[in-house]
Amino acid sequence: APGYDMAGVAAKIVSQELGNELDSDATPAFTGADLSTKLKLLGCDVASFGVNQPKPDDTDVNEMVWNDVLSGIYRKLIFNKAGTALRGGILVGDASDYTKLHKLAMGGGALPENPASLLAPVSARGEEEEEGEEIPMDANAMVCSCNGV
């Protein structure tokens, strides 16, 4: 979890300030963490991953939005300008394909020929939920960023 990483950096800096030598010459620094998450709030799936709120000066952005007010489903996927990489997104109401989208965004996986096909929620595609779908993973892949598992 980011809190543990930040605390580790703070401890190293305090230790250094107290005159203790660190194992490396590098200055300790917190460089960020994967803050992706999937929650179920009062029966409503909510998830975010990757770059879900690009900065105003970020020019390598293409956004696609799905907003179905009748079904209570909102999705925003952020792609690079060329549409060749998924950078992040926000899913509300139907996050059943979160695992697949998160992996594509964080692992840089290959997108389908038509990246817009990722925008429609599983419930609108008439498919089964993909959460149980087996996704090949590298043996060193992080499963839970909360505890670094």
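Report follows, based on the coordinates. (Residues numbered from 1 in each chain as written. Predicted model: local features only at pLDDT ≥ 70, side-chain atom pairs only at ≥ 80, totals over all residues. Heavy atoms only, no water.)

### As for the side chain of His102
Next, step 1: On the secondary structure map, His102 appears in helix α2 (residues 98-107).
Next, step 2: Residue His102 is classed as buried on the basis of its relative accessible area of 19%.
Next, step 3: Not counting residues within four places of it along the chain, the set of residues in contact with His102 comprises Asp34, Ser36, Phe49 and Gly107. (Helix = DSSP H or I, 4+ residues; strand = E, 2+ residues; numbered from the N terminus. Buried < 20%, exposed > 50% of the residue type's maximum accessible area, 1.4 Å probe, protein only. Contact = heavy atoms within 4.5 Å.)

### Here's the deal with the pairing of strand β5 (residues 86-92)
Next, step 1: Counting buried positions over the 7 residues of β5 gives 5, a clear majority of the element.
Next, step 2: With 5 bridges joining them, strand β2 (residues 44-50) and β5 adopt antiparallel strand pairing. The partner of Ser48 across the bridge, within β5, is Ile90.
Next, step 3: Note: strand β4 (residues 73-79) against β5, 6 bridges, orientation antiparallel. By the bridge assignment, Tyr74 is partnered in β5 with Val92. (Pairing = 2+ DSSP bridges.)

### Remarks on the environment of Arg125
Next, step 1: Examined against the element boundaries, Arg125 turns out to sit in helix α3 (residues 122-125).
Next, step 2: Its relative accessible area of 25% is what places Arg125 among the partly exposed residues.
Next, step 3: Within the structure, Arg125 has its side chain in polar contact with the side chain of Asp97 (distance 2.8 Å). (Polar contact = N/O pair within 3.5 Å; in protein donor to acceptor, adjacent residues only side chain to side chain.)

### Quick look at α2
Next, step 1: Within α2, the full set of buried residues consists of Tyr98, Leu101, His102, Leu104 and Ala105. The buried residues of α2 occupy an angular sector of 160° when the element is viewed end-on, so they sit on one face.
Next, step 2: Taken together, the buried residues of α2 touch β1 (37-41), β2, β4 and β5.
Next, step 3: Phi turns positive, to about 70°, at Gly108, one or two residues after α2. (Arc of directions from axis to C-beta.)

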